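# Structure at a glance
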Amino acid sequence: MSLSRKLTALAAGAAALALALSGCGGGSDDSASGDLQQVEFGYIADYNGTSLLAIAKDQKLWEKHGLKADTKVFTNGPLQIQALGTGDLDFGYIGPGAFWLPASGQAKIVAINTLGNADRVIARSGTTSIGQLRGKTVGVPEGTSGDMILTLALQKAGMTKKDVKVVNMDASTIVSAFASKKIDAAGFWYPAIGTIKKQVPDLTELAKNSDFESQVSFPTAFVAGNDVVSGQKDKTEKTIAVLRDAMAYRSANMDKSIELTAKMLSVPVDQVKADAGNVKVLSVDELDAKTKDGTIGKWLNGMADYFVQAGKLKSKADPKTYYTGDLFTAAAAK
């Protein structure tokens, strides 16, 4: 089987998983005409990854900018980066744990999205500190924000992954493994932790993003394939314009954005509202200002320091080589 077909199969499996966990679906906007430019767009089934796409669909922003979006759901960012590299996706969404991939040259960040606080290290009842995980089995989706929060928490406790038994698992496996007591703890995230809590209501949360806010930021982002940015400038600019319009709508209509996200994911509004509670939404104006004054560059440099220390990156690259902030801010004038 070719790599492209394998990745397509992975995406299909990811879609089936997300449907099982949260009842969501993707697909193209049926109202779009054949004259519109096709965009293959990946996302994750949570508020961070879905809200702008839900708004774009409802407000017909794709058509406004001459595009037609075919959206595909994935369970994590690294799978989307792979699909970008093979051309199966044009754009995708990643959480902070996958930022090392564009930082290593495998994709471009075309828009910073939000600041997240959904990641946790969770454990069974009775475990009250990271130190008590020594020698225990910890599940984590490698290369994700779950991996990132676990690594940071272990470092803060004076430990490394060598002090625990780390098992690389995908999202669905962590849910079932924790519920069936096959793992003692996990580096994971909401809203999937909410699914676990329905079966294990007395689990404990040992670490969260805000515990490390003085050390590193946790932005989420939209990414594009390198070839898309370099060879399809028109599509890239139009897609950024859609994202900016959706961001403006989201900032002005938070409650409505939650409703639209719930509709797209086919889940209760209260579930999405709780998920959105772990998110700091950034307005277009804030993102423009933070791009121009270097704040986002500092975020990316801080994250790169972590990824170098964690062994994900050999060395830091200038954020300007993988964050196309100039394209994002230039869209304001169009």
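Scroll up a little and you will see the structure.
So, a few notes on the structure that sits alongside this text. Remember, predicted model here, so these are calculated numbers, not experimental data. (Residues numbered from 1 in each chain as written. Predicted model: local features only at pLDDT ≥ 70, side-chain atom pairs only at ≥ 80, totals over all residues. Heavy atoms only, no water.)

## Notes on the overall build of the chain
Looking only at helices and strands, one finds 15 helices and 12 strands in the chain. The 334 residues of the chain split such that 54% are buried. Considering only contacts in the chain between residues 6 or more positions apart, those separated by 24 or more positions represent 80%. When the accessible surface of the chain is totalled, it reaches about 13800 Å², and 49% of it is carbon and sulfur. (Helix = DSSP H or I, 4+ residues; strand = E, 2+ residues; numbered from the N terminus. Buried < 20%, exposed > 50% of the residue type's maximum accessible area, 1.4 Å probe, protein only. Contact = heavy atoms within 4.5 Å. Areas by Shrake-Rupley, 256 points an atom, 1.4 Å probe, with all protein chains shown as cover.)

## Observations concerning the side chain of S257
Mapping S257 onto the fold places it in helix 11 (residues 254-265). The buried category is assigned to S257, whose relative accessible area is 0%. For S257, the side chain forms a polar contact with the main-chain oxygen of M254, separated by 2.7 Å. The contacts of S257, once residues within four sequence positions are left out, are Y47, I55 and R250. (Polar contact = N/O pair within 3.5 Å; in protein donor to acceptor, adjacent residues only side chain to side chain.)

## Comments concerning the environment of A179
Turning to its location among the elements, A179 is positioned in helix 7 (residues 171-179). Under the relative-accessibility criterion, A179 is labelled partly exposed at 26%. On a C-alpha basis, the gap between A179 and K197 in space is 8.7 Å, while along the polypeptide they are 18 residues apart. Sequence-distant contacts of A179, defined by excluding residues within four places in its chain, comprise R124, Q199 and V200.

## What about helix 12 (residues 269-276)?
In an α-helix, one turn spans 3.6 residues; hence positions three or four apart end up facing the same way. What helix 12 keeps buried is the set V272, D275 and A276. Each buried residue of helix 12 lies within a common arc of 100° when the element is viewed along its axis, so the set occupies one face. Summarising the geometry of helix 12, the exposed residues directed more than 90 degrees from the buried face are D270, K273 and A274. Summarising the contacts, the buried residues of helix 12 are in contact with helix 2 (47-58), helix 11 and strand 12 (279-281). (Arc of directions from axis to C-beta.)

## Observations concerning the sheet that holds strand 10 (residues 204-208)
Judged by pairing direction, the sheet is mixed, and its 5 strands sit side by side in the order 8-7-9-6-10 without closing on themselves. In this open sheet, the two strands that pair with only one neighbour each are strand 8 (165-168) and strand 10. Averaged over all neighbouring strand pairs, the angle between strand axes comes to 25°, with direction disregarded. Pairing analysis gives 5 bridges linking strand 6 (residues 119-123) to strand 9 (residues 185-189), with the strands arranged antiparallel. Considered in strand 9, the bridge of A123 is made with A185. (Pairing = 2+ DSSP bridges. Axes fitted to C-alpha atoms, helices over the stretch in contact; angles between N-to-C directions.)

## A few points about the packing of helix 11 against helix 12
Look at helix 11 against helix 12: their axes get within 9 Å of each other, and the N-to-C directions meet at 120°. Relative to helix 12, the element helix 11 is oriented oblique. The element helix 11 and its partner helix 12 pack so that their crossing is right-handed. Mapping the contact onto sequence places I258, E259, T261 and A262 in helix 11 and V269, V272, K273 and A276 in helix 12. Grouping the constituent residues of the contact of helix 11 with helix 12 by class yields 5 nonpolar, 1 polar and 2 charged. (Parallel < 35°, antiparallel > 145°, perpendicular 65-115°, else oblique. Left-handed = near helix turned anticlockwise from the far one by under 90°. Nonpolar A, V, L, I, M, F, W, Y, C, P; charged D, E, K, R; others polar.)

## Concerning the nonpolar core
Of all hydrophobic cores here, the largest spans 93 residues; its most connected members are F99, I109, I112 and V121. Counting residues per element, this core draws most heavily on helix 14 (residues 295-309), at 7 residues. Residues in contact with I109, not counting those within four places in the same chain, are F99, P102, A221, F222, V223, L300, Y322, Y323 and T324. Judged by nonpolar contacts, the second largest core, of 18 residues, contains I174, V175, A177 and Y190. (Core = buried A, V, L, I, M, F, W, Y, C linked by side-chain atoms within 4.5 Å.)

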